[in-house]
Amino acid sequence: MLMTSITQIDELIQQVQAYHPEADVDMLRRAYDFSAHVHEGQMRQSGEPYLQHPLAVAGILSFLKLDVPAIVAGLLHDTVEDTVATHDELEVRFGKDVARLVDGVTKIGQIPFKSHAEKQAENFRKMVLSMADDIRVVFIKLADRLHNMETLEHLSKSKQQQIAQETLEIYAPLANRLGISSIKQKLEDLCLQYLKPDAYAMLKLRVAKRDEERQEFLDMLVQMARDALAQAHLPGDIQGRPKHLYSIYQKMERQSITFEEVYDLTAVRIITDSKMNCYAILGLVHSLWPPVPGRFKDYVATPRANLYQSLHTTVVGPQGEYVEFQIRTEEMHRINEYGVASHWRYKEPGAVTGKDEKVFSWLRQFVEWHKDLSDNRQFMDSVKLDLFHDVVFVFTPLGEVKEMPVGSTPVDFAYAIHTEIGDHCVGAKINGKLVPLRHKLRSGDMLEILTSSSQVPHKGWLKFVRTSRAKAKIRHWFKIEEQKRALDIGRRLLEREFRRHGLPTAQTFKSERLGEIAKARGLDVVDELIRLVGYGRLSASQVVNQLEPPSPESSDNTLAAVMATEHEKLSPAHPEKSVKVKGGNDVLMQLSKCCNPVPGDPIMGYITRGRGLSIHTVGCPNLRALDWDHNRLVEADWDAGIAGTHSVKVSVLTLDRTGVLADISSAISDCQANITRAEISTREDRKAVLDFVIEITNTLHLERMIKGIEQVEGVVNARRVRGW
């Protein structure tokens, strides 16, 4: 069915009454009159009155056969954002339902893709929350976007491309996820028109020309199929359907082929009366023409997540031409065209049953998986992953079908079943055979997850899991564990500080004063204050100073005095004490063994589970790999006022000659550095590798020592070794 543009309120009312004879016509007229009044004088870029836009949006919603409140909201969707009308005014005039829908669309705002990434993510987050609350919000937004795309020629070229790109990245996939193929295909073709105008013009011309040339062939094919159905006494309406341009463009790009090499430009669609007859007609088609191996898909037995159902098969038709057949029932066809909207009007708002539950379940999960992602880059990447994916169908041991994105692993599957199963997953069997957890799933796999109560998620899983649900659940588990650990570390640091100041620990933790300090920092409970100390964002001394402001008589007991004493006692056994972190130094920390930082290296603190702060060099590969949660990074620097030595490993490649070890040791000693360990190995090419662990004071000291070593006769090179 083609969407025709509505230009008059009478046309809109007539279209609504065609599927809803009892529609509240008076409300539609009042909404139109109100919209005309508040938008009076406003013009679109095309020069036409602005009122034509909300009227066209309402017309698209009536094509989707939505209920009256949704269509009224379509007529009013820009009133709060672009006129003097208010939410309260809409509620008084048209009721809470309409006002809430308009508010949901208004919250979405404009999403400036390809720029202002923070605003983009925040605005789209609002849309996700709104559409999960009431799916009609996203129907209105899709209708709004479709009409804007249909009138895009009046904007500047840069604006056209920006809006088209945003539509292709978000709104077309969203329409696909909701099963509204009619809107999805129109949006994609319009996007192609503005993003790839040359390709669009070429395809439009060539497809029209080929359709003319192939019409005789197509008529013959349809007649052959119609005769075969009549002879077999199978009911079916047969029609040829040209593929939309964007799908042809995608196929050419994906397979690196020319237009002439695209054989199945036209699909033959057969609509029958029952699921049983779908399979009977499939058998009949295969008896007439041989099927192409690997080109049969049964979306009737295993529907897509967006409710799409149909049998797809490609056959070698007359004259050796490839032809795709799509076979479905009338009900399947209606759902495939309109998706969730196909029977929304039959339900009370919010009442979701039957097949719709699958899509609405996805919407609820969609919100749940993304609401905890505070990093906007992660949020947008995760959203796009969920909107864009090809799928595989796998089976549980009980035969239940699960749809998973291509590239999913057993861990993704485990989290799709239940969070607990994912958290405790230790292994998996596919078709009865053990497979690694990073194994990629394939359609038809029967998957059994093995669990253990002692198993917990691993950070390494984040490197190979595919679904945003699995990623969100793994990160959530680590977030909870880190909160527990931070609470424990913070409590121990505060207990130590309380004892230093002679404060009773149990009573102080329960004191009203500690609660007041937490509230002054905008924290709801004392535990949040304790966690801040555990994370290293607040020092225990700062808390104690607020509990008991220091007096001249007690100044010797302050943490500063204690730390000064500790600084004097600094020895090579505690090099981490030469590090200072933002918020104070009274936090548990250690220098990371993977990069062994020394004074002079730029450093950063990373909050670990159970060991306080781990100090890494800024360029450490492990720190970059861990940088998925910026909340765990803490600024750190070296304390220039603290002297001490740090161990580094230096590897020296030298010619294997007598006395070389003694000469290198002498060079190290001349640089006032001390060797604590040495290992020597020889190579077949008459060279030797000498590995030293040496105590130095800073990077300048290290550089001076390496230069001294390289001046020794026979030394090829000397270098610092990290991660020893």
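Residues numbered from 1 in each chain as written. Predicted model: local features only at pLDDT ≥ 70, side-chain atom pairs only at ≥ 80, totals over all residues. Heavy atoms only, no water.

Across its full length, the chain holds 28 helices and 19 strands. When each of the 724 residues of the chain is scored for burial, the buried share is 51%. The long-range share in the chain, meaning contacts at least 24 apart out of those at least 6 apart in sequence, stands at 67%. Taken as a whole, the chain presents about 34500 Å² of accessible surface, with 50% of it coming from carbon and sulfur. (Helix = DSSP H or I, 4+ residues; strand = E, 2+ residues; numbered from the N terminus. Buried < 20%, exposed > 50% of the residue type's maximum accessible area, 1.4 Å probe, protein only. Contact = heavy atoms within 4.5 Å. Areas by Shrake-Rupley, 256 points an atom, 1.4 Å probe, with all protein chains shown as cover.)

End to end, helix H11 (residues 181–195) covers 21 Å across 15 residues, agreeing with the expected 21 Å (1.5 Å per residue, within 8%). H11 sits mainly inside the fold: 11 of its 15 residues count as buried. (Expected span 1.5 Å × (residues − 1).)

All right, on to unusual backbone geometry then. Phi angles above zero are rare outside glycine, and Lys65 is one such case at about 60°. Tracing the backbone through its elements, the reader meets Lys65 in the loop between helix H3 (52–63) and helix H4 (68–76). Residues other than glycine seldom take positive phi values, yet Asn596 does so here, at roughly 45°. Structurally, the position occupied by Asn596 is in the loop between strand E12 (589–591) and strand E13 (603–607).

Let's shift gears to the packing of helix H20 (residues 468–500) against helix H23 (residues 526–535). With their axes 7 Å apart at the nearest point, H20 and H23 run at an angle of 85° to one another. On the basis of their axis angle, the class for H20 and H23 is roughly perpendicular. Contacts between H20 and H23 involve Glu482, Gln483, Ala486, Leu487, Ile489, Gly490, Arg491, Leu493 and Leu494 from the former and Asp527, Ile530, Arg531, Val533, Gly534 and Tyr535 from the latter. (Axes fitted to C-alpha atoms, helices over the stretch in contact; angles between N-to-C directions. Parallel < 35°, antiparallel > 145°, perpendicular 65-115°, else oblique.)

A sheet is described by the order of its strands in space; here five strands give the open sequence E11-E15-E13-E14-E12, paired in mixed fashion. Only two strands of the sheet have a single partner each, and these edge strands are strand E11 (579–581) and E12. Neighbour to neighbour, the strand axes of the sheet diverge by 35° on average, direction disregarded. For E12 and strand E14 (residues 613–617), the ladder comprises three bridges, and the chain directions are parallel. Paired with Leu591 across the two strands is Ile615, which belongs to E14. (Pairing = 2+ DSSP bridges.)

For the rest of this paragraph, the subject is the environment of Leu655. Looking at the element boundaries, Leu655 is found in strand E16 (residues 646–655). Expressed as a C-alpha distance, the spacing of Leu655 and Thr682, which sit 27 residues apart in the sequence, is 9.4 Å. Every residue in contact with Leu655, bar those within four places of it in the chain, is listed here: Val660, Arg686, Lys687 and Gly714.

Reading across from one edge, E9-E8-E10 is the order of the three strands in this open sheet, with antiparallel pairing throughout. Every other strand in the sheet has two partners, leaving strand E9 (433–435) and strand E10 (447–451) as the edge strands with one partner each. In this sheet, adjacent strand axes meet at a mean angle of 35° when their direction is disregarded. Across three bridges, strand E8 (residues 425–430) lies against E9 in antiparallel orientation. Residue Ile430 lies in a different strand from E9, and its bridge partner there is Lys433.

So, on to the pattern of salt bridges. For the structure shown, the criterion picks out 18 salt bridges. Here Asp26 ties to Arg30 by a salt bridge, and the two come within 3.1 Å at their closest N and O atoms. Here Arg30 and Asp26 lie together in helix H2 (residues 25–38), a separation of four residues that amounts to about one turn. For Asp26, a relative accessible area of 48% corresponds to the partly exposed category. According to the relative accessible area criterion, Arg30 is partly exposed, its value standing at 32%. Across the pair Arg93 and Glu89 runs a salt bridge whose closest N-O atoms are separated by 3.4 Å. Taken together, the residues span about one helical turn, with Arg93 and Glu89 both in helix H6 (residues 87–94) at a distance of four residues. Overall, Arg93 belongs to the partly exposed group, its relative accessible area being 44%. (Salt bridge = Lys/Arg side-chain N within 4 Å of Asp/Glu carboxyl O.)

This part covers the environment of Phe259. With respect to the helices and strands, the residue Phe259 is situated in the loop between helix H13 (245–255) and strand E2 (266–272). The sequence separation of Phe259 and Val207 amounts to 52 residues, and the corresponding C-alpha distance is 9.1 Å. Among all residues touching Phe259, those that are not within four sequence positions of it are Leu203, Arg206, Val207, Arg210, Ile248, Met252 and Leu265.

Attention now moves to the pairing of E14. The buried fraction of E14 amounts to five of the five residues, a majority that puts the element mostly inside the structure. Alternating residues of E14 divide into Leu613, Ile615 and Thr617 and Ser614 and His616, and every residue in both groups is buried. Here five bridges tie E13 to E14, and the two strands are oriented antiparallel to one another. Looking at the pairing, Met604 lines up with His616 of E14.

Time to look at the pairing of strand E7 (residues 401–405). Of the strand pairs in this sheet, strand E6 (residues 391–395) and E7 are connected by five bridges, and their pairing is antiparallel. Looking at E7, one finds that Val391 is bridged to Pro405.

Worth remembering: the numbers are spatial, not functional.
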